[in-house]
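A closer look at the structure
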Amino acid sequence: MSTFKYADDKIKTRDIMIAVPSMVIAVGILAFPRLLSEVTFSSDGWVAILLSGLVAVIFTWAVAKIAANFPNQSFFTYASFLVSKPIAVILVVLFSIQGITLTAFEVRAITDISHQYLFQETPMQIISLTFLLVVVYAVSGSRAGIFRLNVLFMPIIFVTTVILVLFSIGYMEVKNILPVLKTDVDGYMQGTLQSALSYTGIGVLFFYISLVRNPKKAPRMAAFGMSGAVVIYMLIYLTCIAVFGQSATEVIRFPFVELAKTVEIPGGFFERLESIFFVIWIMAIFTTTVMAFDATIFALNSIFPKVKKIKLVFTLTPFIYLIALFPNNYLETDTFGDFVSYYGWGLSITVLILLWIMYKVKGAKKSGKK
Amino acid sequence: MGRNKVFLHLVFVLLLFLLTGCWDDVELEDRAFISGVSIDLAEEQGENTTFELMEQLVVPSGLGSTTEAGGGKAYRNLSQTGESLYEINSAISRQANRDITIDHVELVIISQDLARQDGLFNDVIDVFIRQQQMRRGILLAIAEEKAKDLLSIETEHAKIPAQYISELTENRQVPITTSPVRIGDIQESMLNNRSFVVPLLSIYKDNSVNYKGLAIFQGKSSKMVGTLLGKEAKGFNYVLGKEQQGSVTTKVEGDQTTFILAGGTSKIKLLNKDKDQLRFQVDIDVDARLTEYFGELDFYSKGVKEKFKTTLEDKVKKDAEDALKKLKDELQVDAFQFDIFLRSHHYNLWKEVKDDWDHGKNYFSKSDITVQVNANILEPGNSFRVKKKEGEE
Amino acid sequence: MARPSLFSRLKRKQQMKQSSQTESYSTKITKDLDDNLKNIKQMLGDPGDLVMRELMIGGMDKRAAIIYISGLTDENLINDNILKSIQLNLKKFDTNVIDHIHKEVIAITDIQKSNNMDDISFAILNGNTAFFLDGNETILLMSTGGGETRSIQQPESETLIRGPRDGFVESIETNMALIRRDIKDPNLRFKQHQVGKRSKQKLVLCYVEGITNPDIVEEVNRRLETIDIDFVSDSSYVEQWIQDSFLSPFPQLLDTERPDKVSSDLMQGRVAILVDGTPFVLIAPVTIGEALHSMEDYTQRWISATLLRMLRYLAAFFALFLPSLYIALVSYHPGMIPATLTYSIAATREGVPFPAAIEAFLMAITFEILHEAGVRLPKVIGQTIGIVGGLVIGEAAVSAGIVSPIMVIVTALTAISSFSVPSYSVAVSFRTLRFAFMLAAAILGLYGIILIYIMINIHIVNLKSIGVPYSAPFAPTFLKDFRDLVIRSPITKLTKRPTHLKPLDDQSKDVEPEKGQ
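Residues numbered from 1 in each chain as written. Chains lettered and ligands numbered in written order. Predicted model: local features only at pLDDT ≥ 70, side-chain atom pairs only at ≥ 80, totals over all residues. Heavy atoms only, no water.

The name recorded for chain C in an unreviewed UniProt entry is Spore germination protein, from Oceanobacillus halophilus. Turning to chain C, the UniProt annotation filed under Sequence similarities (unreviewed entry) states: "Belongs to the GerABKA family." (UniProt positions renumbered as here; feature names shortened; annotations may be inferred.)

1. Observations regarding the overall build of chain C
From N to C terminus, chain C includes 16 helices and 12 strands. Here the C-alpha atoms of chain C give a radius of gyration of 30 Å, more than 25% beyond the 24 Å that 2.2 N^0.38 yields for 517 residues. Each principal axis of the C-alpha atoms in chain C carries an extent, and together these give about 100 × 65 × 40 Å. For chain C, contacts bridging at least 24 residues in sequence account for 65% of all contacts bridging at least 6. In the structure as shown, chain C presents an accessible area of about 23,700 Å², 57% of it carried by carbon and sulfur atoms. (Helix = DSSP H or I, 4+ residues; strand = E, 2+ residues; numbered from the N terminus. Rg over C-alpha atoms; globule rule 2.2 N^0.38 Å. Contact = heavy atoms within 4.5 Å. Areas by Shrake-Rupley, 256 points an atom, 1.4 Å probe, with all protein chains shown as cover.)

2. Some details on the overall build of chain B
Broken down by element type, chain B carries 13 helices and 13 strands. Classification of the 393 residues of chain B by burial places 53% in the buried group. Pairs at least 24 apart in sequence give 67% of the contacts found in chain B among residues at least 6 apart. Carbon and sulfur atoms make up 45% of the accessible area of chain B, which totals about 18,400 Å². (Buried < 20%, exposed > 50% of the residue type's maximum accessible area, 1.4 Å probe, protein only.)

3. Some words on the interface of chain B and chain C
A common way to report how large an interface is uses the accessible area buried once the components associate. Between chain B and chain C, the contact holds 27 residues from the first and 30 residues from the second. Taken together, the connections running from chain B to chain C amount to one salt bridge. Residues arginine 349 of chain C and glutamate 27 of chain B are paired through a salt bridge, measuring 3.3 Å at the closest nitrogen-oxygen approach. Connecting chain B to chain C are 10 residue pairs in polar contact (both at pLDDT 80 or more). (Salt bridge = Lys/Arg side-chain N within 4 Å of Asp/Glu carboxyl O. Polar contact = N/O pair within 3.5 Å; in protein donor to acceptor, adjacent residues only side chain to side chain.)

4. Re the nonpolar core
By size, the foremost hydrophobic cluster in this structure holds 285 residues, and its most contacted members are Phe75, Phe206, Trp281 and Phe286 of chain A. Looking at this core, the element that brings in the most residues is helix α16 (residues 424-462) of chain C, giving 23 residues. Listed in part, the 39 residues of the second largest apolar core include Ile34, Val37, Ile88 and Ile183 of chain B. (Core = buried A, V, L, I, M, F, W, Y, C linked by side-chain atoms within 4.5 Å.)

5. Description of the pairing of strand β2 (residues 63-69) of chain C
Residue and element names in this part refer to chain C. In terms of residue burial, β2 counts as a mostly covered element, since six of its seven residues are buried. In terms of strand pairing, strand β1 (residues 50-56) meets β2 through seven bridges, oriented antiparallel. Within β2, the position partnered with methionine 52 by the bridge is isoleucine 67. (Pairing = 2+ DSSP bridges.)

6. Notes on the sheet that holds strand β4 (residues 129-133) of chain C
Pairing between the strands of a sheet is mediated by backbone hydrogen bonds and can be parallel or antiparallel. All names here are of chain C. Read across the open sheet, the five strands follow the order β1-β2-β4-β5-β3; overall the sheet is antiparallel. If you trace the sheet from one side to the other, it starts and ends with β1 and β3 (111-114), each paired once. On average, each strand axis in the sheet is inclined to that of its neighbour by 20°, with strand direction left out of account. Of the pairings in the sheet, the one linking β4 to strand β5 (residues 139-142) comprises three bridges and is antiparallel in character. Paired with alanine 130 across the strands is leucine 141, a residue of β5. Taken strand by strand, helix α2 (residues 33-43) contacts β1, β2 and β4, and its axis lies near 15° from that of β2. (Axes fitted to C-alpha atoms, helices over the stretch in contact; angles between N-to-C directions.)

7. Digging into the side chain of serine 341 of chain A
The topology assignment puts serine 341 of chain A in helix α16 (residues 330-366). What makes serine 341 of chain A buried here is its relative accessible area of 13%.

8. Describing the packing of aromatic side chains
Given two aromatic rings, one states the distance between the centres and the angle between the planes to describe the pair. Scanning the model with the defined rule gives 43 aromatic pairs over all chains in all. Judged by centre distance (6.0 Å) and plane angle (65°), the ring pair of phenylalanine 70 of chain A and phenylalanine 81 of chain A falls under edge-to-face. Residue phenylalanine 70 of chain A is found in the loop between α3 (45-68) and α4 (75-83), and its partner phenylalanine 81 of chain A is found in helix α4; the two are separated by 11 residues along the sequence. Given the relative accessible area of 29%, phenylalanine 81 of chain A is considered partly exposed. Aromatic ring contacts, followed pair by pair, group Phe70, Phe75, Tyr78, Phe81, Phe95, Phe206, Phe207, Trp356 and Tyr359 of chain A into a single cluster. Sitting above the plane of the phenylalanine 478 of chain C ring, lysine 12 of chain A keeps its charged end 4.7 Å from the centroid. A cation sits over an aromatic face here: arginine 343 of chain B above tryptophan 350 of chain B, 5.6 Å from the ring centre. (Phe/Tyr/Trp six-rings, centres within 6.5 Å; stacked < 30°, edge-to-face > 60°. Lys NZ or Arg CZ within 6 Å of the ring centre and 35° of its normal.)

9. Observations regarding the UniProt feature "transmembrane region" (unreviewed entry) in chain C
Residues and elements named next belong to chain C. Using the residue numbers shown here, the UniProt feature "transmembrane region" (unreviewed entry) corresponds to residues 311-332, 352-370, 391-415 and 435-456. Taken end to end, residues 311-332 is 95% helix and 0% strand, and its first and last C-alpha atoms sit 29 Å apart. Annotated as residues 435-456, this span is 100% helix and 0% strand, and its ends, taken at the C-alpha atoms, are 13 Å apart.

10. Digging into helix α5 (residues 120-130) of chain B
The periodicity of an α-helix, 3.6 residues per turn, causes residues three or four places apart in sequence to face the same way. Looking at α5 of chain B, one finds that the buried residues are Leu120, Phe121, Val124, Ile125 and Phe128 of chain B. Buried residues in α5 of chain B, looked at end-on, bunch into an arc of 130°, giving them a common side. (Arc of directions from axis to C-beta.)

11. Focus on α4 of chain A
Where burial is concerned, most of α4 of chain A is hidden: seven out of the nine residues are buried. All of the buried residues in α4 of chain A are Phe75, Phe76, Tyr78, Ala79, Ser80, Leu82 and Val83 of chain A.

12. Section: the pattern of salt bridges
Counted by the stated rule, this structure contains 36 salt bridges over all chains. Between aspartate 294 of chain A and arginine 143 of chain A there is a salt bridge, and its shortest N-O distance comes to 2.9 Å. Of this pair, aspartate 294 of chain A sits in helix α14 (residues 274-303) while arginine 143 of chain A sits in helix α7 (residues 143-168), and the two are 151 residues apart along the sequence. As far as the burial class goes, aspartate 294 of chain A and arginine 143 of chain A line up, both buried. Its salt-bridge partner being glutamate 290 of chain C, residue lysine 261 of chain C comes within 3.8 Å of it at the nearest N-O pair. Taken together, the residues lysine 261 of chain C in helix α9 (residues 259-267) and glutamate 290 of chain C in the loop between β10 (281-284) and α10 (296-299) connect sequence positions 29 residues apart.

Written out as structure tokens, the structure reads:
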């Protein structure tokens with residue numbers, strides 16, 4: 001009770017609540033208003049965000065719930081129990097691939113966007129290498145440390161977003177928002193799919209719930225954190241639409257960053273905010289990358305318990321670096337991103353359904369839960 | 001593990017520093033900041049359209065600081081001709097001894113000749129939207145004559161012509177101004193095929209810039225189709241309900257009266273839904289203050305106030321109707337953006353008319369727009385007479 | 001007190017080395033007074049400040065001697081309470097003279113008996129007086145410590161406008177007394193250790209039993225016992241020995257000269273480490289949240305204290321980031337500076353031969369040299385530094401065109417900001433980090449700055465101070481502790497001890513127990 005247990009590698013449910021939006025909010029949101037306004041009319045994308053948000057929240061809850069049913073057991077342990085060991089090994093490997101590709105994609109994306117907003121000449125290799133090295137530094141630290149990083153960075157990201165939204169109020173126009181609800185059903189469906197794809201990365205919860213000392217409340221907290229992410233998405237989308245209008249949002253590559261570029265603080269010390277804004281956003285991307293990487297290490301460590309964490313990190317880093325440098329242009333990067341999103345969702349949903357079915361079939365009886 | 005970690009820390013810090021260099025490092029004093037750009041059609045035209053691009057580079061030392069006045073000119077104009085704007089830009093940077101930086105471009109002036117050509121205007125805008133360092137807040141203006149001449153006008157207040165002009169377009173006391181037109185807004189309008197206006201500038205003989213009126217652009221073809229000058233521009237703003245500032249001069253019982261507008265709004269109403277004969281009603285509200293009056297009426301009697309009010313209303317109404325007439329009947333271009341109103345409030349109707357709004361079938365010109373004005377005179381001024389009435393002692 | 005027999009070891013070494021020397025001494029106490037005196041003398045190397053006073057006891061025909069080191073002892077005490085008593089009061093013949101003297105004659109409270117040569121010499125070196133009686137193997141050690149010490153003064157490194165004026169001194173007994181005067185709690189514990197293999201200094205671990213978490217006390221005790229050095233000239237030796245990570249730029253133990261700070265930290269569930277010979281007391285565990293707190297926050301009214309704290313956060317931001325931001329903006333992102341400011345900076349930089357990064361490093365290093373020189377110089381000459389720094393470096397460098405005026409402003413603002421950080425050791429770590437930021441900004445602009453910032457954060461979340469996460473109470477979050485973090489709530493609301501220290505007693509007993517985390 002009065003010992004310093006909180007200093008060890010266990011986390012609280014509140015950390016999960018913050019980790020979920022930290023994981024979800026990353027590169028996707030920068031381009032997200034564009035993708036959404038491509039398929040919806042006027043400001044109607046909010047319906048799609050809401051629908052997909054609902055799906056994502058339920059999904060998050062279900063993932064956390066199944067993991068919380070096996071407190072303090074690693075994914076590998078409870079998956080082997082539910083679906084036999086060989087399949088569990090396959091699942092872990094598939095998740096590791098997801099983690100590696102996601103990490104590589106984030107590294108790549110940050111390189112691309114930096115090139116657009118911060119640098120012209122600096123070689124891509126350097127930008128991605130420096131970023132990746134900082135990621136490696138974080139991953140080689142303690143796992144609880146990563147969650148503490150989330151806690152430190154999340155408020156900064158949130159406050160930055162809110163400040164940006166507040167400053168853009170002067171640039172908002174009602175005519176950009178009206179009319180409402182004129183999109184056809186097909187548009188909403190596409191929009192929902194499109195925004196759902198932005199909520200990638202919840203799969204890490206399969207692994208991280210095992211770190212929670214008392215995961216009873218974890219599903220609720222995870223769902224709560226997911227709703228927070230949905231709110232931020234909504235806020236950003238609506239601001240972009242209100243400032244640019246749907247038709248301009250559609251053709252701006254990164255509407256969210258462009259927002260920072262448009263806004264001028266009256267009498268401010270900084271004239272153009274996009275560099276500083278993007279630089280702060282690097283923290284959001286950073287937390288996602290670190291968690292994706294760390295979850296991979298965590299997963300692989302569960303099937304190779306004897307290998308040292310550091311060794312795994314150093315083995316994987318060159319691969320990630322190479323994968324990140326693989327796409328040649330922005331189109332390939334986008335395809336890569338789509339692949340990562342679809343793969344992530346496909347894998348997580350399949351695993352979730354599989355696990356729940358098996359849990360209903362045999363888990364509930366055997367594990368002696370009421 | 002402990003040793004290992006120590007080693008790691010060191011390696012990472014070292015790697016971070018050693019593996020990098022300063023690729024993008026360009027010192028401030030090695031840059032030349034463009035403050036304004038002008039684009040003209042070149043005198044000699046080749047196979048394709050040839051542009052003449054002039055960039056105004058700021059010379060910081062000429063600006064001086066707060067304590068000491070700068071010596072010499074504060075700007076340097078460089079121009080080149082060519083077919084692609086970007087190529088001209090590179091040609092200019094070969095001329096300049098410094099890295100040309102576009103981060104602080106404030107103003108783009110395009111000549112009327114160019115703007116009236118088919119399909120050139122959006123090419124030009126595209127360059128400014130696509131460039132990463134450009135802001136969406138760059139102001140746009142049309143020059144009646146040569147655009148580059150405007151960038152050579154030096155005044156005592158502003159040492160950089162581009163700064164002078166951008167401040168001018170932002171000055172709200174001029175009655176005919178539209179709110180400053182930003183490149184980002186233009187892009188939004190052009191994407192939606194909406195017509196829009198851009199400030200029209202010309203040069204006075206005594207070497208200063210004249211804010212002459214508004215250049216009207218048709219959204220569909222995105223080229224300039226006409227101008228609104230003087231009172232027409234004023235009337236345009238009344239209908240728009242924006243920027244209702246500036247003065248109105250009229251006559252009350254034969255005495256010249258000038259009102260200062262303190263702001264106002266306008267409201268559009270759609271009276272029917274027949275798309276071939278749409279009937280709009282525009283309600284204009286203006287608040288005004290009296291600034292100049294050479295007559296002798298007593299403001300504090302009710303009838304007199306009423307009299308001033310109706311005179312003002314008539315005047316505003318006339319200006320508004322003139323502007324409407326010119327745009328609707330003559331130019332047949334909806335720079336008022338009535339279609340935004342339709343889109344926001346009568347979506348289904350808008351869907352029917354949107355493809356032929358102010359072009360093709362041109363439902364806009366077929367519509368019927370009436371104006372109603374309600375003026376409110378807020379105050380008569382501090383002291384309302386300089387001379388006693390004759391006979392009164 | 002299990003003391004390694006240092007003197008005997010020394011002696012053995014000496015014997016080996018100086019085998020040619022005929023003189024040798026024995027570490028055994030004999031009955032012969034002369035032998036004993038000779039041994040002591042030789043053991044200590046016959047120092048000039050060793051006083052040996054041989055005397056005859058009362059009317060008896062018995063020789064005795066007292067030995068002490070002048071300067072360490074209170075000689076009046078020896079004259080009045082030892083010499084006089086022995087010479088005047090002892091007249092009757094007694095069979096057990098030494099017991100008689102011990103119990104009845106000498107008017108000193110702290111007397112011990114000993115017959116170990118190591119103990120005796122150690123006691124003498126500590127300012128005690130040894131009493132030898134001829135024909136007796138038992139020696140009396142009387143506590144006569146004294147001599148010149150510094151009186152209690154206002155602490156120089158942490159001056160406050162409002163608050164107690166006393167500061168710690170070099171004497172550990174005085175320091176302990178200062179804490180005792182603040183906290184009259186019977187649960188206040190002083191656990192004694194000894195540091196310095198040769199210096200044998202007292203080190204006291206101070207905590208309040210029933211408040212401080214026993215895990216912390218145990219851990220600190222464990223670490224203190226590992227200290228293995230010859231001499232501890234200041235508590236910073238101890239700090240560096242027991243801190244969690246020696247690679248960290250952040251101080252993991254806080255030092256202070258203020259008894260009120262120590263007392264209030266003890267009451268919050270921390271421990272204090274007092275070392276003999278230094279006025280700086282260490283406080284542990286500390287976290288990043290405390291880095292910008294000052295004792296004065298609690299003496300001001302809460303609104304102004306909160307504003308002051310925020311001001312300090314702003315100053316810390318400047319101290320860390322300002323020069324690097326200057327470099328990044330001027331060399332990499334000129335678009336971020338408002339146009340007019342860009343032009344005027346460009347105008348002032350016209351003709352400056354160096355890139356912004358070199359310029360910034362030049363000024364920063366110059367400032368650090370000035371700072372260092374200012375610390376070394378005596379106060380009288382100290383003012384010269386101000387003149388040299390302000391006029392010569394500032395004015396002249398600008399007019400010579402070596403640096404731009406805006407750089408001077410940046411340097412000056414950074415310097416002032418870094419001095420508004422209340423704790424010197426925190427300010428020093430900020431100074432170090434500032435250079436890291438500048439280097440990163442010179443290489444990668446804003447991107448470099450944010451990477452370093454992220455790295456520092458990674459470091460902080462992995463750092464611990466005596467087992468407490470350094471990033472607490474921010475992360476792991478202890479919302480209750482936010483009452484006294486960035487804002488300083490009214491004193492009436494600060495009834496709880498910081499929960500991140502897991503104190504045994506969280507102060508207000510009426511409140512229902514805290515629910516599980």
